[in-house]
Amino acid sequence: MRETIESVFGCKVFNRYSSRELADIAGECSAHRGWHVFPRGCYVEIVDDAGHRLPAGTEGNIAITSLSNFAMPLVRYQLGDRGSLSATSNCSCGRQGQLLETISGRNTDAFMLKDGTYVDGEYFTHIVYFRNWVEKFQVIQKSYSSVLFKIKQSHSDYAPEELTEIISQTQAVLGKDCLAEFEFVDTIPNLSSGKYRFTISEIPSEHFTASLQPFR
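Heads up: these notes are all about the structure in this document. (Residues numbered from 1 in each chain as written. Predicted model: local features only at pLDDT ≥ 70, side-chain atom pairs only at ≥ 80, totals over all residues. Heavy atoms only, no water.)

## Here's the deal with the packing of aromatic side chains
What the rule picks out here adds up to ten aromatic pairs. With centroids separated by 5.1 Å and ring planes inclined at 50 degrees, the aromatic side chains of Trp133 and Tyr158 adopt a geometry described as tilted. One end of the pair, Trp133, is in the loop between α2 (122–126) and β10 (134–143); the other, Tyr158, is in the loop between β11 (146–153) and α3 (160–174), and 25 residues separate them in sequence. Of the residues examined, Tyr158 reaches a relative accessible area of 27% and is grouped as partly exposed. (Phe/Tyr/Trp six-rings, centres within 6.5 Å; stacked < 30°, edge-to-face > 60°. Helix = DSSP H or I, 4+ residues; strand = E, 2+ residues; numbered from the N terminus. Buried < 20%, exposed > 50% of the residue type's maximum accessible area, 1.4 Å probe, protein only.)

## Some remarks on a nonpolar patch on the surface
Taken together, Met1, Ile5, Val8 and Phe9 make up a surface patch of nonpolar side chains, about 510 Å² in accessible area. Mapped onto the secondary structure, Met1 falls in the segment before α1 (2–9). (Patch = residues over 30% accessible without salt bridge, like charges linked within 9 Å, V, L, I, M, F, W, Y side chains within 5 Å. Areas by Shrake-Rupley, 256 points an atom, 1.4 Å probe, with all protein chains shown as cover. Salt bridge = Lys/Arg side-chain N within 4 Å of Asp/Glu carboxyl O.)

## Regarding the environment of Arg82
Along the chain, the position of Arg82 falls in strand β6 (residues 77–85). For Arg82 and Ala110, which are 28 residues apart along the polypeptide, the C-alpha to C-alpha distance reads 8.9 Å. Among the polar contacts made by the side chain of Arg82, one reaches the side chain of Glu59 at a distance of 3.1 Å. Within the local environment of Arg82, its side chain forms a polar contact with the side chain of Asn61, the two groups lying 3.2 Å apart. (Polar contact = N/O pair within 3.5 Å; in protein donor to acceptor, adjacent residues only side chain to side chain.)

## Let's talk about the pattern of salt bridges
Under the criterion given, the structure shown has nine salt bridges. In this structure, Arg2 engages Glu28 in a salt bridge whose closest nitrogen and oxygen atoms are separated by 3.1 Å. With a gap of 26 residues between them, Arg2 in helix α1 and Glu28 in the loop between β2 (23–27) and β3 (35–37) connect regions that are remote in the sequence. Among the residues examined, Glu28 registers a relative accessible area of 15% and is labelled buried. The partner of Glu59 in a salt bridge is Arg82, and the shortest N-O contact between them spans 3.1 Å. Taken as a pair, Glu59 in the loop between β4 (42–47) and β5 (60–66) and Arg82 in strand β6 lie far apart in primary sequence, 23 residues in all. Take Glu59: its relative accessible area is 35%, and that puts it in the partly exposed class.

Have a look at this one:
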């Protein structure tokens, strides 16, 4: 997408991370190796579900403290996004400071195993992509052992072995006992905000239990 946009408009494209509540949070530089946190606007932490700070390079919940909103201060505010901070504060562009290494999506877009391990929801989108019989889809984790693939089918038909392949790839990360089911629907609506969710987990977040350092 970046290459196409740059080619059409004849300019460089830079990604920016922002939200309604906190406005601009971080942005790319010419190195395109993460997102520089805007230091005058906010301070970023990566925390587990209990609010304990996680070390650099570890994926967790993004918590942001606003440094400029004096009317409604937001302290360690969790947006519902997941990501990780870089272990280095130096970038090849010459800038220093906090650097978001990854922004991996919404908490509810990631699937969870019984032991608290997260599986990136993007894994499931990739096993459905590029199938000409799929016009639109949504993958929903109903429980630790059940996943539902909602599919709006195009005019093409699928081969039975393709469904078997999707089931196999699902069980490869969620366990052999995981039940993968398919529901063919006429439509898959967007959210009221206009956004579209490719993956949804209906499992409530649980606290991590492995080697977490308390927040100080």
